[in-house]
Amino acid sequence: MTNSHTATSHDDVVRVEDLKVSFYTDLGVVRALNGVSFNIPRGKVLGIVGESGCGKSITGLSIMQLVHSAGRNEGGRILFREFADGDAVNILEYERNSAEMRGIRGNNISMIFQEPMSSLNPCYTVGNQIEEAILLHQTQDATEASKRAIDILTKVGMPNPARIASSYPHELSGGMRQRAMIAMALSCTPTLLIADEPTTALDVTTEANILELMRKMQEEIGTSIMFITHNMGVVAQICDEVAVMYLGRIVERASVDDIFYEPKHPYTISLLQSIPRLGRSRGRLASIEGSVPDPYSRVSGCPFHPRCPVAIQGVCDSEVPEETVVDAAKGHTVRCHLYT
Amino acid sequence: MSADATNLPTTKAAVEDVGQIPQWQLMVRRFRRSRLSVIGLYVLIVLYVIMIFSDFLAPYDHNKLDSNYAWAPPAKIAIVDGQLVTFKLKQTLDEVRFEWFYTADETQPLPIQFFVKGYEYRFLGLIPMDIHLFGVEEGYQINLIGADKDGKDVLSRLLKGSQVSLTLGFIGVLISVIIGSVIGTASGYFGGAIDNLIQRLIELLRSFPDVPLFLALAAALPPGVKVEVRFFLITLIIALIQWTGLAREVRGKVLSYRNNDYTAAAVAAGASHWHIITRHLIPNAMSHIVVVGTLAIPGAIGSETALSFLGLGILPPAVSWGVMLRDAQTVEAITSYPWMLLPVGVLIVTVFSFYLLGDGIRDAVDPYA
Amino acid sequence: MLNYIIRRLVNMTVLIVIVSFVGFFIIQLPPGSILDVQLTKMRERGGDISREQVAALRARYGIDDPFSVRYLKWITRSLQGDFGTSYETDQSVGERIWNRLGFSVGLSSFALLFTWLVSIPIGVYSATHRYTVPDYIITAIQFIGLAIPGFLLALVLLIIATNLNAIEVGKLFSDQYVDAPWSFAKFIDLASHVYIAVIVLAVGATAGLTRIMRANLLDVLNMQYIQTARAKGLDEAVVIWKHAVRNAIQPLVMALGSLLPALIVGETLVATVLSIPTIGPMYLTALRIQDMYLAGTILVILSFLLLIGNLIGDLLLAWVDPRVRYE
């Protein structure tokens, strides 16, 4: 069993401990999460970075207990501590559709998704959908809910919030829809917002606006954010702390500065090296050798070893590396044999 | 540290490389997993094989009259002296209900012979033959499933009728699939004015309710035409009513594929219209077409049966299962001569099997549907 | 929204006109039938017909006029309710159809009500409880409804019912109720004569619609906005009924709109098999004896019903799906 050590703050809003999730399909077993452990500090933005298929979305969905029914939880805990001075509860102990879990969703922990074009129900107005969340968790009064919906729409910077509220999703642009999604997610002032690649489907300008909005909301409302992305540039813009995932495991975790300036894990280093940079002399784009293995197979030892440029024969291919602390004060940990 | 459960040797070799299996093989695999559909397939294969050999299997010509055997019940079979026999029938008149009823005279066995000479036919429409699987002595009849009011053997009629019932609907659907696919593809691919025109035409055709329309068309056929001609015309009617549905579906599919990136890539690479249609659009739409086609067959068989049942389709002296149903639609048949109702069962089995098959193909082709 | 309605109405009107053209053409196919019929009847009643009378009839039916004039005369007469005289009896076509049409509509409405009430819940249940025993049973019944042609099913049920002596064939009412005023007892009597037809129609329609509902719902449940709804903390039942069904139901609404005419058409064969005196058998007889006025008129009326049903379906769809209104 492993524990996440965070020396900077013992006040984590969510602490995931050794989470294991597998999918049993006709063609084999997919071990999506192989013992994921990390913490989300209160009031901060934690980025979860990784390639497609590494399990980042599943992690977010697991916290909300929204994983597809084919997925099975096979161990671990997800501790949620709503208030700094309160108790922590293990979310996984609640039944998926129980009143407790539903009381958490949308209320204490919210989630926004990647595709703004299809994330809102086309049959109901935007205002209606926001009010639905408010009526569910905060008040029974329809007028009050309506007022709050317009409030939150104003807060997220919507022009003419009243008109937006009575519009249907297909009448709005992608950026506005994502704003509406954020408004809906924040309408009940959650303690944690999970954002699953919220800007990936948006153009760069809109993306910048949305990121700025999220920063602003985070400061105003004090929500912690778990930001899932594969884009290191976005990470640099918005994250305070970063966790790097590969094949269902966290391989490195550090503050955003340390990840960029003092990366330790070979995968992190390769990721950073493969980002094309303006002004660099033209050479070949560095890429990580090999490709992500097919999800049905199991890799022995360190999951990255087949592609690692500095893999140690006999060690990396047989033993899973333990988590080691590189810098306790700054909460920098890594899973690599180079550092054990 | 304790042994991690995930620390197993790489099993990549053991897991099949799913990416290397061709698409159609994956489809076949998925199809085989639906046991009901596989059963449907086997049943249909059996039915069609029987149909091919129907003349061989039928002991008598389907119109052979014999008043000695009017309403004869299914023949009793027994083994006497090591031989398979049936019995001569004693025909007596029931004075009360004024019906003939039959008793099998067990003192007069009639040996069943195999590979006997019987009426002439053309195997597969080409080879003249006259051998039949079984029969009895000249002058007597063996009615394995009984006989109708004129003494015509029900089994022979059933077998001969399969030639019509199993093929007419099939061919009709085939024709409508071809027409529908061509028109639908043209409509979807070329778009613009052609598309508009075709869509309006289809909309007009669909404004007429299908059942009354094909009843009207069938009723308009002159009754004096030859059997083969009538067969062909009925097939044509069924095809003409059905193609619009398929055309619309194909058009929809073609439209969605036409806007795909790989089509754009083909155009950018300089591919001709023909190439794009035949190499990209049709293969993708094909699986859908097969599904729709297979599922249309029960309807077509039903249409032919309905028409014949109403006396507007296949007419005597030809026979189809629908014609047999028409003969069976009397109170006496339902209550006293239940073997006349066998075509109902056979029809249901056929239609069901096609449906199971079509359903299985649909699931195999698009499991996310 | 208004735009959409207007466009649909115009479209329908155009189609109705074309359909009436085609219908009239069919009516006119057998050469000289109408005039001959009238003349034969008049001669049968005795006496000669004067040349003026013949000329008047010719003018009335426009025998010597070009097709378009004849069509206009027919249309104006029809819109006034005069559909001509039937070949078989002397009754006006309108009268004959009206009687039967009422029953056709009534019968189909029985079946329609059943289908409406049943197919949505069953479809939803079937989608949300896949691979359970009730789902398999539902699927089995669906199969029967979809695979077996309606008239065949009617035949089978008729055979069973006859053998059990559970039905009186060929009538809509028992003798004592034929001319009696409507009462609950008469209603029950009617039901006892037509229940097979209602069952067959309802099973067929329900099977198709349930299947559509199930398929649509499965599609919708994969959509992102369903996940969003769950993420808000909504109860699964609310997610399914308020969010998923509302989207999945759209194609179904269209189908339901055009269901009534489809049922009326569908009962053509079923009613013939079961010898129930509704529009279907009358149409068939008319075809057989080449009474084209009757047959053609019925065909045109059924087509109208189909078009109106489709229009209703389109309007219902626009009401239910906000995206459609802006096309």
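Higher on the page you've got the structure.
This one's a predicted model, so the numbers in the text were calculated from it and none came from an experiment. (Residues numbered from 1 in each chain as written. Chains lettered and ligands numbered in written order. Predicted model: local features only at pLDDT ≥ 70, side-chain atom pairs only at ≥ 80, totals over all residues.)

Participant: Can you lay out the overall build of chain C for me, pointing to particular residues and giving the numbers?
Facilitator: Within chain C, the secondary structure is distributed over 13 helices and 0 strands. Start at the N end of chain C and walk to the C end: the helices and strands fall as α-α-α-α-α-α-α-α-α-α-α-α-α. Each of the 327 residues in chain C was classed as buried or not, and the buried ones make up 41%. (Helix = DSSP H or I, 4+ residues; strand = E, 2+ residues; numbered from the N terminus. Buried ≥ 20, exposed ≤ 12 C-beta atoms within 10 Å, placed from the backbone.)

Participant: I'd love a proper account of the overall build of chain A, names of residues and values included.
Facilitator: Across its full length, chain A holds 10 helices and 13 strands. What you see for chain A is a C-alpha radius of gyration of 21 Å, in line with the 20 Å of a compact globule of 340 residues. Here the C-alpha coordinates of chain A stretch approximately 65 × 50 × 45 Å along the principal axes. The 340 residues of chain A split such that 47% are buried. The contacts in chain A between residues at least 6 apart in sequence include a share of 65% that link residues at least 24 apart. (Rg over C-alpha atoms; globule rule 2.2 N^0.38 Å. Contact = placed C-beta atoms within 7 Å.)

Participant: So what's going on with helix α8 (residues 184-221) of chain C? Which residues, and what values?
Facilitator: Taking 1.5 Å of rise per residue, 38 residues should cover 56 Å, yet α8(C) covers just 44 Å from first to last C-alpha, more than 12% shy of that figure. Along α8(C), the sharpest kink reaches roughly 65°, centred on Val194(C). (Expected span 1.5 Å × (residues − 1). Bend = angle between axes of the 7 residues up to and from the residue.)

Participant: Residues and numbers for the interface of chain C and chain A, please.
Facilitator: Chain C puts 19 residues into the contact, and the matching count from chain A is 24 residues. Its residues assigned to classes, the side of chain C that touches chain A shows 6 nonpolar, 6 polar and 7 charged. (Nonpolar A, V, L, I, M, F, W, Y, C, P; charged D, E, K, R; others polar.)

Participant: Kindly report on unusual backbone geometry, identifying the contributing residues and their values.
Facilitator: Cis rather than trans, the peptide bond between Pro316(B) and Pro317(B) has omega equal to 15°. In this fold, Pro317(B) is placed in the loop between α9 (273-309) and α10 (321-328). The residue Asn160(A) is not glycine, and still its phi comes out positive at about 55°. You can see Asn160(A) is positioned in the loop between α4 (142-155) and α5 (161-165). We classify Asn160(A) as exposed; it has 10 C-beta atoms within 10 Å. Positive phi, normally seen in glycine, also occurs at Glu197(A), with a value near 50°.

Participant: Pulling in residues and values, what's your account of the environment of Ala306(B)?
Facilitator: Counting through the fold element by element, Ala306(B) comes out in helix α9. Beyond its immediate sequence surroundings of up to four residues, Ala306(B) is in contact with Gly322(B), Pro149(C), Phe151(C) and Leu269(C).

Participant: Residue-level account of the packing of helix α5 (residues 192-206) of chain B against helix α7 (residues 227-258) of chain B, with values.
Facilitator: Residue and element names in this part refer to chain B. Close contact between α5 and α7 brings their axes to 10 Å; oriented N to C, the two are set at 140°. What the angle tells us is that α5 and α7 run oblique. For the pair α5 and α7, the crossing hand works out as left-handed. Where α5 approaches α7, its residues Ile202, Leu205 and Arg206 are matched on the opposing element by Thr244, Ala247 and Arg248. (Axes fitted to C-alpha atoms, helices over the stretch in contact; angles between N-to-C directions. Parallel < 35°, antiparallel > 145°, perpendicular 65-115°, else oblique. Left-handed = near helix turned anticlockwise from the far one by under 90°.)

Participant: Describe the packing of helix α4 (residues 154-190) of chain B against α5(B), naming the residues involved and giving the relevant values.
Facilitator: Residues and elements named next belong to chain B. The N-to-C vectors of α4 and α5 enclose an angle of 135°; their axes lie 7 Å apart at closest approach. Between α4 and α5, the angle is such that the two are oblique. Pair α4 / α5 crosses with left-handed handedness. Of the residues in α5, those in contact with Ile183, Ala186, Ser187 and Phe190 of α4 are Gly192, Ile194, Asp195, Ile198 and Gln199.

Participant: Explain the sheet that holds strand β8 (residues 192-196) of chain A to me, using residue names and the numbers behind them.
Facilitator: All names here are of chain A. With respect to topology, 8 strands assemble into an open sheet ordered β7-β8-β9-β3-β10-β11-β13-β12, the strand pairing being mixed. Strand pairing shows two members of the sheet lacking a second neighbour, β7 (109-112) and β12 (323-327), which therefore form its edges. Strand-to-strand, the axes of this sheet are offset by a mean angle of 20°, without reference to chain direction. Summarising the sheet, β8 and strand β9 (residues 224-229) pair through 5 bridges and their orientation is parallel. Residue pairing across strands places Leu193 opposite Ile225, the latter belonging to β9. Packed on one face of the sheet, helix α1 (residues 56-64) meets β3 (45-49), β7, β8, β9 and β10 (241-246) and runs near 145° to β8. Packed onto the sheet, helix α6 (residues 174-186) meets β7 and β8 and runs at close to 170° relative to β7. (Pairing = 2+ DSSP bridges.)

Participant: Explain the interface of chain B and chain C residue by residue, including any values.
Facilitator: Taken together, the contact pairs 24 residues of chain B with 32 residues of chain C. The set of elements that each furnish at least two residues to the side of chain B that touches chain C consists of α5, α6 (210-219), α9, α11 (331-335) and α12 (342-365) of chain B. Residue contributions to the side of chain B that touches chain C peak at 6 residues, all from α12(B). When grouped by side-chain class, the residues that make up the side of chain B that touches chain C number 20 nonpolar, 3 polar and 1 charged.

Participant: Give me the lowdown on the pairing of strand β2 (residues 28-41) of chain A, citing residues and values where you can.
Facilitator: All names here are of chain A. Extensive coverage of β2 is indicated by the burial of 12 of its 14 residues. Across 11 bridges, the pairing between strand β1 (residues 12-25) and β2 is antiparallel. From the neighbouring strand, Val14 faces β2, where its bridge partner is Ile40. Following β1, the chain reverses through 2 residues before pairing antiparallel with β2.

Participant: So what's going on with the nonpolar core? Which residues, and what values?
Facilitator: By size, the foremost hydrophobic cluster in this structure holds 245 residues, and its most contacted members are Ala154(C), Ala197(C), Val270(C) and Ile298(C). Beyond its immediate stretch of four places on either side in the chain, Val270(C) contacts Gly150(C), Phe151(C), Ala154(C), Ala197(C), Val200(C) and Leu201(C). (Core = buried A, V, L, I, M, F, W, Y, C linked by C-beta atoms within 7 Å.)

On their own, these measurements won't tell you what the molecule is for.
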